[in-house]
Amino acid sequence: MLAYRQNGKPLVSSNARPRMRHPLFRLRYLALVVICGWSVFHYLHTERPQLVKLQAQHQQYASQLSKLKTQNESLRQQEQQLNSDAYIEKYSAQNFGLTMPGQVPFDLQNSSHHG
């Protein structure tokens, strides 16, 4: 049964033939599939390995940064210790045998004199 418009003419003519699609119409879909396929291939074989490599490098650098921050903090503490008068006094007495004014130096280890 045919559908009719308000003026009485049929919406679809009875002698209408099926519309032929242009051959380039299918070619568009083929090109789209090829481009998508190439994009996936390029990502999996070029971009993804590079991304994984960069992520591993990032982890390595983050670990190295953490170690360097710890070392930096240790060196700052050592610097503060080296600048303190008490440490300087203790170090000079132990390593160089120096004393502060008013102190009497003596050594118990070399008291092997019999006299």
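Placed above this text is the structure.
Student: Which residues make up the overall build of the protein, and what values go with them?
Tutor: For the protein, the helix and strand inventory stands at two helices and zero strands. Expressed as a percentage of its 115 residues, the buried residues of the protein come to 1%. Carbon together with sulfur atoms contributes 57% to the accessible area of the protein, which is approximately 11800 Å² in total.

Student: Lay out helix 2 (residues 85-96) with the relevant residues and their values.
Tutor: In this model helix 2 runs 16 Å from its N-terminal to its C-terminal C-alpha over 12 residues, within 8% of the 16 Å that 1.5 Å per residue would give. Positive phi shows up at G97, right after helix 2, with a value of about 70°.

Student: Describe helix 1 (residues 23-82), and please don't skip the residues or the numbers.
Tutor: Taking 1.5 Å of rise per residue, the 60 residues of helix 1 would be expected to cover 88 Å, and the 85 Å separating its terminal C-alpha atoms lies within 8% of that figure. At Y43, helix 1 shows its largest kink, close to 40°.

Student: Account for the side chain of S92, naming residues and giving values.
Tutor: Along the chain, S92 falls in helix 2. Look at S92 and you get buried, because its relative accessible area is 17%. Once residues lying within four places of it in the same chain are set aside, the contact partners of S92 are G97 and L98.

Student: I'd like a description of the packing of aromatic side chains, backed by residues and values.
Tutor: Considering all chains together, one arrives at two aromatic pairs under this definition. Between Y87 and Y91, the aromatic rings sit 6.0 Å apart at their centres with planes inclined by 25°, giving stacked as the arrangement. One end of the pair, Y87, and the other, Y91, are both in helix 2, four residues apart, so they sit about a helical turn from each other. The exposure class assigned to Y91 is partly exposed, which follows from its relative accessible area of 39%. Ring centres of Y91 and F96 lie 6.1 Å apart, and the angle between their planes is 75°; this geometry places the pair in the edge-to-face category. A residue is classified by how much of its surface remains accessible, and F96, at 56% relative accessible area, is exposed. Ring pairs connect the aromatic residues Y87, Y91 and F96, which therefore count as one cluster.

Parameters and conventions
- Residues numbered from 1 in each chain as written.
- Predicted model: local features only at pLDDT ≥ 70, side-chain atom pairs only at ≥ 80, totals over all residues.
- Heavy atoms only, no water.
- Helix = DSSP H or I, 4+ residues; strand = E, 2+ residues; numbered from the N terminus.
- Buried < 20%, exposed > 50% of the residue type's maximum accessible area, 1.4 Å probe, protein only.
- Areas by Shrake-Rupley, 256 points an atom, 1.4 Å probe, with all protein chains shown as cover.
- Expected span 1.5 Å × (residues − 1).
- Bend = angle between axes of the 7 residues up to and from the residue.
- Contact = heavy atoms within 4.5 Å.
- Phe/Tyr/Trp six-rings, centres within 6.5 Å; stacked < 30°, edge-to-face > 60°.

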